[in-house]
Amino acid sequence: SQMLKAVETIAEAEALPAVILEVTSLAVLFRNVGRLFNYRQPLPRSRELAKNFLRSQDYSGERLDRVLNCLQYLPPMNDSSLEQQITQDAYHATHTGEDFFEKSALLRLEQELILNQNYTKHDWALFQMQQLLAARFSTAYAKTQFEPVVGQHILKQKAALEKLQLSETEDNDESGNVRLY
């Protein structure tokens, strides 16, 4: 999984203890499983499934709690644990990374099929911008390696939005009616 690879990369770059790598790796493996049951709010179900599975494997109580803490909607960055920050950094690195625009068509199709949500070009461009603007990184490695990529994507997406708005303006005549030609 790309998220697992991102966790491993962050943990190695930050020289983190093996237990943090273990906890965050387990968290990202379970993170999206809840989407199979509730696409819009997957984390509660992901937590439940992780808890049940890890308990069935006699996974320790304190470490289990740490995994489960990574599988919740996070408090503000300064109030979250390092493990939560790493998990969130890996999530954002995966979803807003180098291949953000290549994955976009698949994400759009996924949302159309699963949520029955159809987007205009402009609405989809706005959705993508919101995704990029929501990406916040906490670890030093993620800030230096992933934030610049997201910044480039934001600039590219801003230009695409401006181009769409310009073409929409040109498609309307002065009375506000859409030209049909």
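Going by the structure above, here's the rest.
Just so we're clear, the structure is a prediction, and the values are computed from it rather than from any experiment. (Residues numbered from 1 in each chain as written. Predicted model: local features only at pLDDT ≥ 70, side-chain atom pairs only at ≥ 80, totals over all residues. Heavy atoms only, no water.)

**Section: the overall build of the chain**
This is how it is decided: Secondary structure elements follow DSSP: runs of H or I no shorter than four residues count as helices, runs of E no shorter than two count as strands, and numbering proceeds from the N terminus. Only protein chains enter the accessibility calculation, which uses a 1.4 Å probe; a residue whose area is less than 20% of its type maximum is buried, one above 50% is exposed, and one in between is partly exposed. By the convention used here, residues are in contact when the closest approach between their heavy atoms is within 4.5 Å.
Looking only at helices and strands, one finds nine helices and zero strands in the chain. Moving toward the C terminus, one meets the helices and strands of the chain in the order α-α-α-α-α-α-α-α-α. Seen along its three principal axes, the alpha-carbon backbone of the chain occupies a region of about 70 × 35 × 25 Å. When the 181 residues of the chain are sorted by exposure, 38% land in the buried category. Across the chain, every contact between residues at least 6 apart in sequence was considered, and the portion connecting residues at least 24 apart equals 63%.

**A few points about the packing of aromatic side chains**
We apply this condition: The aromatic pairing rule takes the rings of Phe, Tyr and Trp, using the six-membered ring of Trp, and pairs them if the centres are within 6.5 Å, calling planes under 30 degrees apart stacked, those over 60 edge-to-face and the rest tilted. Note on geometry: a ring has a charge over it if NZ (lysine) or CZ (arginine) is within 6 Å of the ring centre and within 35 degrees of the ring normal.
Summed over all chains, the structure comprises seven aromatic pairs. For the pair Phe 137 and Phe 146, a centre-to-centre distance of 5.8 Å together with 40° between the ring planes defines the contact as tilted. You'll find Phe 137 and Phe 146 in the same group, each marked buried. An aromatic cluster of three or more residues is present, and its members are Tyr 119, Trp 124 and Phe 127. Sitting over the face of the ring of Phe 101, Lys 156 holds its NZ or CZ atom 4.6 Å from the ring centroid.

**Notes on the packing of helix 4 (residues 61–70) against helix 5 (residues 82–95)**
For clarity, the cut-off: Note on geometry: axes are lines fitted to C-alpha atoms, helical ones only across the stretch in contact, with angles between N-to-C directions running from 0 to 180 degrees. Here is the rule for angles: anything less than 35 degrees is roughly parallel, anything more than 145 is roughly antiparallel, 65 through 115 is roughly perpendicular, and the remaining ranges are oblique. Take the far helix as your reference; a near helix turned counterclockwise from it by less than a right angle gives a left-handed crossing, and one turned clockwise gives a right-handed crossing. Classification convention: Asp, Glu, Lys, Arg as charged; Ala, Val, Leu, Ile, Met, Phe, Trp, Tyr, Cys, Pro as nonpolar; all other residues, Gly among them, as polar.
Where helix 4 meets helix 5, the closest approach of the two axes is 8 Å, and the angle between their N-to-C directions is 45°. In terms of axis orientation, helix 4 runs oblique to helix 5. Pair helix 4 / helix 5 crosses with right-handed handedness. Of helix 5, the residues touching helix 4 (which contributes Arg 66, Asn 69 and Cys 70) are Glu 83, Gln 84 and Thr 87. Looking at side-chain class alone, the contact of helix 4 with helix 5 contains one nonpolar, three polar and two charged residues.

**Here we look at the environment of Thr 144**
The cut-off we apply is this: The definition of a polar contact used here is a pair of N or O atoms within 3.5 Å, where within protein one atom must be able to donate a hydrogen and the other to accept one, and adjacent residues in sequence count solely through side-chain atom pairs.
Position of Thr 144 among the secondary structure elements: in helix 8 (residues 140–145). Taking the C-alpha atoms as reference points, Thr 144 and Ala 105, separated by 39 residues in sequence, lie 27 Å from one another. Separated by 3.1 Å, the side chain of Thr 144 and the backbone oxygen of Tyr 141 make a polar contact.

**Structural notes on the pattern of salt bridges**
Heads up, the rule is: Here, a salt bridge means any side-chain nitrogen of Lys or Arg that lies within 4 Å of a carboxyl oxygen of Asp or Glu.
Under the definition given, this model contains eight salt bridges. With its nearest N and O atoms 3.1 Å apart, the salt bridge here joins Arg 63 to Glu 22. Taken together, the positions of Arg 63 in helix 4 and Glu 22 in helix 2 (residues 18–31) put the pair 41 residues apart, joining distant regions of the chain. With relative accessibility at 28%, the residue Glu 22 sits in the partly exposed group. The salt bridge partner of Asp 99 is Lys 103, with a shortest N-O separation of 3.7 Å. Given a relative accessible area of 25%, Asp 99 falls into the partly exposed group.

**Comments concerning the nonpolar core**
One recurring pattern in soluble globular proteins is that nonpolar side chains are buried together. We apply this condition: Nonpolar core, defined: a set of buried Ala, Val, Leu, Ile, Met, Phe, Trp, Tyr and Cys residues in which side-chain atoms within 4.5 Å join the residues together.
Counting residues in each nonpolar core, the largest one holds 20 residues, and the members touching the most others are Val 28, Ile 86, Phe 137 and Phe 146. Within the residue set of this core, elements represented by two or more residues are helix 1 (2–13), helix 2 and helix 5. Among the elements that line this core, the one with the most residues is helix 1, at six residues. Sequence-distant contacts of Val 28, defined by excluding residues within four places in its chain, comprise Met 3, Leu 4, Val 7, Thr 87 and Ala 90. With twelve residues, the next largest nonpolar core counts Leu 26, Ala 27, Phe 30 and Tyr 59 among its residues.

Just geometry here; none of it tells us what the structure is for.
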